[in-house]
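# Fold and geometry: a report
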Amino acid sequence: MSEAATPITPPEPLQRRAVALVSGGLDSMLAVKVMQEQGIHVEGVNFFTGFCVEGHTHAIRKKDQDKNKRNNALWVAEKLGIKLHIVDISEEYKDVVLNPKHGYGANLNPCLDCKIFMVNQATLMLNKARELAGEKGFDFIVTGEVVGQRPKSQRKETMPIISSESGADDRLLRPLSARNLPETLPEREGWVDREQLFDFSGRNRKPQMALAKRFGLEEYAQPAGGCCFLTDESYSNKLADLWRARNERRYELDDIMLLKVGRHIRPARHYKLIISREEGENRFLEGYRYQFTSLTTASCPGPLALVDGKFESDDELRQAAAIVARYSKGRGDDQVVVEVKEPGGVAREVAVAPARPDQIPLAWNVG
């Protein structure tokens, strides 16, 4: 009597893996969830450029103290149960800002080049992970892009440009708009079901909100004002002013952080005052006193001001002190004593009459 054959257990199907660009907004959140619903293992990546809005001014300014201070990308990752890779690309990103191949949007926002760069960085991650981990690597890239939602970077004709110039090619899947676009590799190979993807388009966000409700996602970041300071006209004006003053297009991380805070007043091309508007900004600017000459009122409560540049005469120093005094509690006094401190700690005091409003021309206000 022969022994019964041992039944062969079929191998478990290979779970496909995707890396998703997670900004923290609703679209990227939904894109990840759509993939999870199809059994895809998703990990997120969030790139730090230095120009991100959330978590900076809201954490500094008292008037924003009631606003949400969470990092929305981390919050989304926790909500969806995915691993999030946060990658600092602030140095590499400079070339995107300074030399955008496809130009700027309404302000100094290089949106199309930015998206290409972000997807390219994700592609490098994908390729490196596949190289190092074989079957444990990533198979494709996911973004929350929606055709027609952004005037510069999310038009139907620019979608192929992003795929091609980033190097992702047909491994880039946009689940929310996929059925408006040509099939990608994950769809052709059957890793994902195209029929369970979506055909969202345009700037109307009602379809996304309805999908969020269907998924039981009741809380998500509201799309207000974008997530990048470069889309802001005032911020872009301050960055352009910085480049003009230096006679060259360059910046460091400290430069772009300081552009987010305070009043920026330029009485002369060779120097600018960054004047705090409240206690939170005072504390923030304190951290830069070792790098800049600073002015603060000694005879009454007032702001802290940093001098970006150098005074060419004592008259300029006194003029700057008078401007700082104008924004102090002693603005109505005959004289205010202002302390001028060099980065090395050497300090002296000057007594000045606070500047009148007509002595600070509107043209001096940057931004």
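Right, let's walk through the structure included here. Since the model is a prediction, treat every value here as computed from it, not as a measurement.

Helix and strand counts for the chain come out as 12 helices and 11 strands. Counting the 367 residues in the chain, one finds 50% classified as buried. A separation threshold of at least 6 residues defines the contact pool for the chain, and within that pool the share at least 24 residues apart is 65%. Summed over all atoms, the accessible surface of the chain reaches about 18,600 Å², with 48% contributed by carbon and sulfur.

Attention now moves to the packing of helix H1 (residues 26-37) against helix H8 (residues 206-215). With their axes 11 Å apart at the nearest point, H1 and H8 run at an angle of 45 degrees to one another. Looking at the two axes, H1 sits oblique to H8. Here H1 and H8 pass one another in a crossing that is left-handed. Side by side, H1 and H8 meet where Leu26, Asp27, Leu30, Lys33, Val34 and Glu37 of the first sit next to Gln208, Met209, Leu211, Ala212 and Phe215 of the second. A per-class count over the contact of H1 with H8 returns seven nonpolar, one polar and three charged.

Counting residues in hydrophobic clusters, the biggest one holds 36 residues, and the most contacted among them are Val22, Leu30, Val34, Met35, Phe140 and Leu211. Of all the secondary-structure elements, those providing two or more residues to this core are strand E1 (17-21), H1, helix H3 (72-80), strand E4 (140-142) and H8. With seven residues, H1 is the single largest residue contributor to this core. Membership of the second largest hydrophobic core comes to 34 residues, among which are Phe229, Leu230, Tyr235 and Leu259.

Each value, and the rule that gives it
Residues numbered from 1 in each chain as written. Predicted model: local features only at pLDDT ≥ 70, side-chain atom pairs only at ≥ 80, totals over all residues. Heavy atoms only, no water. Helix = DSSP H or I, 4+ residues; strand = E, 2+ residues; numbered from the N terminus. Buried < 20%, exposed > 50% of the residue type's maximum accessible area, 1.4 Å probe, protein only. Contact = heavy atoms within 4.5 Å. Areas by Shrake-Rupley, 256 points an atom, 1.4 Å probe, with all protein chains shown as cover. Axes fitted to C-alpha atoms, helices over the stretch in contact; angles between N-to-C directions. Parallel < 35°, antiparallel > 145°, perpendicular 65-115°, else oblique. Left-handed = near helix turned anticlockwise from the far one by under 90°. Nonpolar A, V, L, I, M, F, W, Y, C, P; charged D, E, K, R; others polar. Core = buried A, V, L, I, M, F, W, Y, C linked by side-chain atoms within 4.5 Å.

Distances and angles like these do not, on their own, reveal function.
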